[in-house]
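Reading the structure
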Amino acid sequence: MSCSELLAGLEREALGGEMHALIRELYPLCRSITGNGVRETLRRLRDHIPLEVEEVPSGTEVYDWRVPQEWNIRDAWVKNGTGERVIDFRESNLHVVSYSVPIRRKMSLAELRGNLHTLPEHPDRIPYRTSYYSESWGFCLAHSKLEQLAEGEYEVCIDSTLEDGHLTYGECLLRGATRDEVLVSCHVCHPSLCNDNLSGISVAVFLAKLLSSLSLRNSYRFLFLPATIGSITWLKRNEELVTRIRHGLVLTCVGDAGAITYKKSRVGWALVDRAFVHVLARSGRPHEIREFTPFGYDERQYCSPGFDLPVGCMMRTPFEEFPEYHSSADNPDFVRPASLVDSLATCLEVFEILERNRVCRNLKPRCEPRLGKRGLYDSLGGDRVRDRQLALLWVLNQSDGRHDLLEIAHRSGLGFPAIVDAADALLATDLLAEEGWP
Ligand code: ZN
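Notes on the structure follow. (Residues numbered from 1 in each chain as written. Predicted model: local features only at pLDDT ≥ 70, side-chain atom pairs only at ≥ 80, totals over all residues. Heavy atoms only, no water.)

Overview of the sheet that holds strand β14 (residues 260-263)
The condition is simple: By definition, two strands form a pair when at least two bridges between them are found by DSSP. Helix and strand labels come from DSSP, where a helix needs a run of H or I of at least four residues and a strand needs a run of E of at least two; each type is numbered from the N terminus. For every element, the axis is a line fit to its C-alpha atoms; helices are fit only across the contacting stretch, and the angle between N-to-C directions ranges from 0 to 180 degrees. Residue contacts follow a heavy-atom distance rule, with two residues in contact if any of their heavy atoms lie within 4.5 Å.
Read from one edge of the open sheet, eight strands run β1-β10-β12-β11-β13-β16-β14-β15, paired in mixed fashion. One side of each edge strand has no neighbouring strand; the edge strands of this open sheet are β1 (52-57) and β15 (287-290). Taking the axes of each pair of neighbouring strands and ignoring which way they run, one obtains an average angle of 20 degrees across the sheet. Bridge count for strand β11 (residues 181-187) against strand β12 (residues 219-225) is seven bridges, and the pairing is parallel. The partner of His 187 across the bridge, within β12, is Leu 225. Its contacts with the sheet place helix α6 (residues 194-211) against β10 (166-174), β11, β12 and β13 (245-251), and it is angled at close to 155 degrees to β12. In the packing of helix α7 (residues 229-237) onto the sheet, contacts are made with β1, β10, β11, β12 and β13, and the angle to β10 comes to roughly 65 degrees.

Things to note about the layout of surface pockets
So the rule is basically this: Using a 1 Å grid laid over the protein atoms alone, points where a 1.4 Å probe fits but cannot get out form a cavity; open sets with protein on both sides within 12 Å along at least 5 of 7 lines form a pocket; any residue with an atom within 4 Å of a point counts as lining. Grid points are joined across faces, edges and corners, and a volume is the space filled by probe spheres set on the points. All residues other than Ala, Val, Leu, Ile, Met, Phe, Trp, Tyr, Cys, Pro, Asp, Glu, Lys and Arg, Gly among them, are scored as polar; the first ten of these are nonpolar and the last four charged. Boundaries between domains were set according to an automatic or database domain assignment.
Empty space within the largest pocket amounts to approximately 510 Å³. What lines the largest pocket is a set of 23 residues, among which His 190, Ala 227, Thr 228, Gly 296 and His 326 lie closest to the centre. Looking at side-chain class alone, the lining of the largest pocket contains twelve nonpolar, six polar and five charged residues. Domain assignment of the residues forming the lining of the largest pocket places at least three in each of domain 1 (3-64 + 166-355) and domain 2 (70-163). If you add up the space inside the second largest pocket, you get close to 340 Å³. If you go around the second largest pocket, you meet 20 residues; those closest to its centre are Leu 7, Val 279, Arg 282, Glu 349 and Pro 417. Looking at the lining of the second largest pocket, the elements with two or more residues in it are α1 (3-8), α8 (271-283), α10 (337-356) and α13 (416-427). For the lining of the second largest pocket, the element with the most residues is α10, which contributes six residues. Lining the lining of the second largest pocket are residues from two domains, each supplying at least three of them: domain 1 (3-64 + 166-355) and domain 3 (359-436).

What to know about the environment of Gln 148
With respect to the element layout, Gln 148 can be found in helix α5 (residues 143-148). Along the chain, Gln 148 and Val 86 lie 62 residues apart, while their C-alpha atoms are 9.8 Å from each other.

Some remarks on the nonpolar core
The condition that has to hold: Here the nonpolar core consists of buried residues drawn from Ala, Val, Leu, Ile, Met, Phe, Trp, Tyr and Cys, with membership extended through side-chain atoms lying within 4.5 Å. Using a 1.4 Å probe on the protein chains alone, a residue whose accessible area is under 20% of its type maximum counts as buried, one over 50% counts as exposed, and one in between counts as partly exposed.
In terms of nonpolar packing, the biggest core is built from 82 residues, with Leu 211, Phe 222, Phe 224, Leu 251, Leu 344 and Phe 351 touching the most fellow members. A total of eleven residues in this core trace back to one element, the largest contributor, which is α6. Contacts of Phe 224, omitting those with residues within four sequence positions, involve Leu 42, Leu 45, Ile 49, Leu 51, Tyr 169, Gly 170, Cys 186, Val 188, Ile 201, Ala 204 and Val 205. Judged by nonpolar contacts, the second largest core, of 61 residues, contains Leu 109, Leu 116, Leu 223 and Phe 319.

Right, dumping it as structure tokens:
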């Protein structure tokens, strides 16, 4: 079965339900860039796909960085004078600044305030804050709740550990007929946030699950890693196999109701870039194509000049451009089953191009060859037949060894499925030969 046949048979409603259920299951886990929340997340992904889990010791040098100490947290709270938990980690793991060092002591509200973070413009939301690379502690809470805190003494407890341990990431390799690889990368380091991190995880998991039933030309490597330090660590440990990566994609913020945004790779005209431009243009729906910027998610590392991998980034509404971003409002209700499935289906359409795009050569390039005597000419007529014949003529005309099938699909306006089917029909005759895989 091919990606396009898989797409045609997709039971979208049921699949959307499963994808959303995975997000709800992972939502309560307290993930960070290291620690047991990431391990537990990866353990649950193994119920769906085969995943190799790697553990890299704290202190390992990775280019200009160092794998940090491992952070774990059991509980955290702020109690008022009567012993009531006015801020409670058990209610939401967003309440604690990620990587907070342990603390237990009493202090005045004035002193406590210096370590509290709120969003005054969205007074009912808890913000998401981190403190990975400076030793500090803090709590996040709804601004409305902060305003209710009375003067007096509070007891503060963060029952966390920050000590030598490991950085954990997961890798799932689906072997295809060739060693050419498609890299799909998503981050797993955010706690209870859905569009930013869990949506990418869900789309990647279900892509891997669905692709595993196909016979593929490319191999597909799915990475589930903490943002920035995770991809830097992976690149450092895999310098040799990076040359196999022919196409790549970072998945993030792929579950909200917005239209799809594709950010091009640093290369800008890599096949994955051209494939997204084509698929989104053919969709007839609103979408946005953005040029590369050295900012964003892990494409920053994959597209650093020493690697310059053809890795783009697929999003719906980009980070920082939806008000729910990095707050408790990025919850399971904010991501939609239909958007998750649409993101997955768009990836499959692109993968279909990555699987079947080729450069071909017309073996009888002087004047038009006769299609009828090769069983390729259908005299019955009709729009569909005419389009099929147009596709045959386009492939023959453009296959001079310089234009790949995707370019022909774009230039002819006929779309990739029609052009690739015409090419396959011609390849079965003496008229066309395969010349290479761009
Ligand atoms: Zn984020």
